[in-house]
Amino acid sequence: MTAEIVNLKRDPVLRKADRELAHVRRRLTELRIAKGWSTKDLADRIGMPESYVEAIESGKSMPGLMTMIVLASHLGYGLRDFTL
């Protein structure tokens, strides 16, 4: 089991996915700031705790697809605006 975990960490697909997730988090932050909104402003608009938005932006939480669609929509964008 341990060998499988080590191999997954070296998997190039997972490394690429990690980079893309980091990009999505940065874009979320950039687009939020471009609107002039704090994390609390965005959280209030989507009806979630500010700590959840902060956790998404910092990489401590991975939102589901529906949450990302809601975040993007409230910012005035689509999911494709978050991708590479």
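Along each chain, residues carry numbers from 1 onward, in the same order as the chain's sequence is written. With pLDDT at 70 or above as the cut-off, local features in this predicted model cover only qualifying residues; side-chain atom pairs require 80 or more to be listed or tallied, and sums for whole chains, interfaces and linings still use all residues. Hydrogens and water are ignored here; the side-chain numbers use all heavy atoms of the structure.

**Student:** Help me understand the nonpolar core in this model?
**Tutor:** If you look at the biggest cluster of nonpolar residues, it comprises 13 residues, and the most contacted ones within it are Leu28, Leu42, Ile46, Val53, Leu71, Leu75 and Phe82. Each helix is a run of H or I in the DSSP string that is no shorter than four residues. Each strand is a run of E no shorter than two, and both are numbered from the N terminus. Put simply, the parts of the chain that give this core at least two residues each are α2 (12–34), α3 (39–46), α4 (50–58) and α5 (65–75). No other element matches α5, which puts 4 residues into this core. Leave out the neighbours within four places in its chain, and Leu75 touches Leu28, Leu31, Arg32, Lys35, Trp37, Leu42 and Phe82. Only buried Ala, Val, Leu, Ile, Met, Phe, Trp, Tyr and Cys residues count toward a nonpolar core, and they belong to the same one when joined by side-chain atoms within 4.5 Å. Per-residue accessibility, obtained with a 1.4 Å probe over protein chains only, is compared with the maximum for each type, and a residue is labelled buried under 20%, exposed over 50%, and partly exposed between these values. The contact definition used throughout considers only heavy atoms, calling two residues in contact when any of these lie within 4.5 Å.

**Student:** Is there a simple way to explain the packing of aromatic side chains in this structure?
**Tutor:** Two descriptors summarise a pair of aromatic rings, namely the distance from one centre to the other and the angle between the planes of the rings. Stacked, tilted and edge-to-face are the three classes assigned to paired rings of Phe, Tyr and Trp, where Trp is represented by its six-membered ring and a pair needs centres within 6.5 Å; plane angles under 30 degrees give stacked, over 60 edge-to-face, the rest tilted. Under the definition given, this model contains 0 aromatic pairs. Definition used: whenever NZ (Lys) or CZ (Arg) falls within 6 Å of the ring centre and also within 35 degrees of the ring normal, the charge is taken to sit over that ring. In this arrangement the basic side chain of Arg45 is found over the ring face of Trp37, its NZ or CZ atom lying 3.8 Å from the centre.

**Student:** Would you mind showing me how to read the pattern of salt bridges here?
**Tutor:** If charged atoms from side chains of opposite charge come close, those side chains can pair. By definition here, a salt bridge exists when the distance from a side-chain nitrogen of Lys or Arg to a carboxyl oxygen of Asp or Glu is within 4 Å. Across all of its chains, the model carries 4 salt bridges by this definition. Residue Lys16 is joined to Glu20 by a salt bridge in which the shortest nitrogen-to-oxygen separation is 2.3 Å. Here Glu20 and Lys16 lie together in helix α2, a separation of 4 residues that amounts to about one turn. We classify Lys16 as partly exposed; its relative accessible area is 43%. Taking the shortest distance from any N to any O, the salt bridge between Arg32 and Glu57 comes out at 2.7 Å. Here Arg32, found in helix α2, pairs with Glu57, found in helix α4; they are 25 residues apart in sequence, far enough to count as distant. Of the two residues examined, Arg32 and Glu57, each falls in the buried class.

**Student:** What exactly am I supposed to notice about the side chain of Glu57 here?
**Tutor:** Take Glu57: its relative accessible area is 15%, and that puts it in the buried class. Counted as a polar contact is a pair of N or O atoms within 3.5 Å, where, for protein atoms, one must be capable of donating a hydrogen and the other of accepting one, and residues adjacent in sequence contribute only when both atoms are in side chains. Within polar-contact distance, the side chain of Glu57 engages the side chain of Arg32 at 2.7 Å. Excluding residues within four positions of it along the chain, Glu57 makes contact with Arg25, Leu28, Thr29, Arg32 and Thr39.

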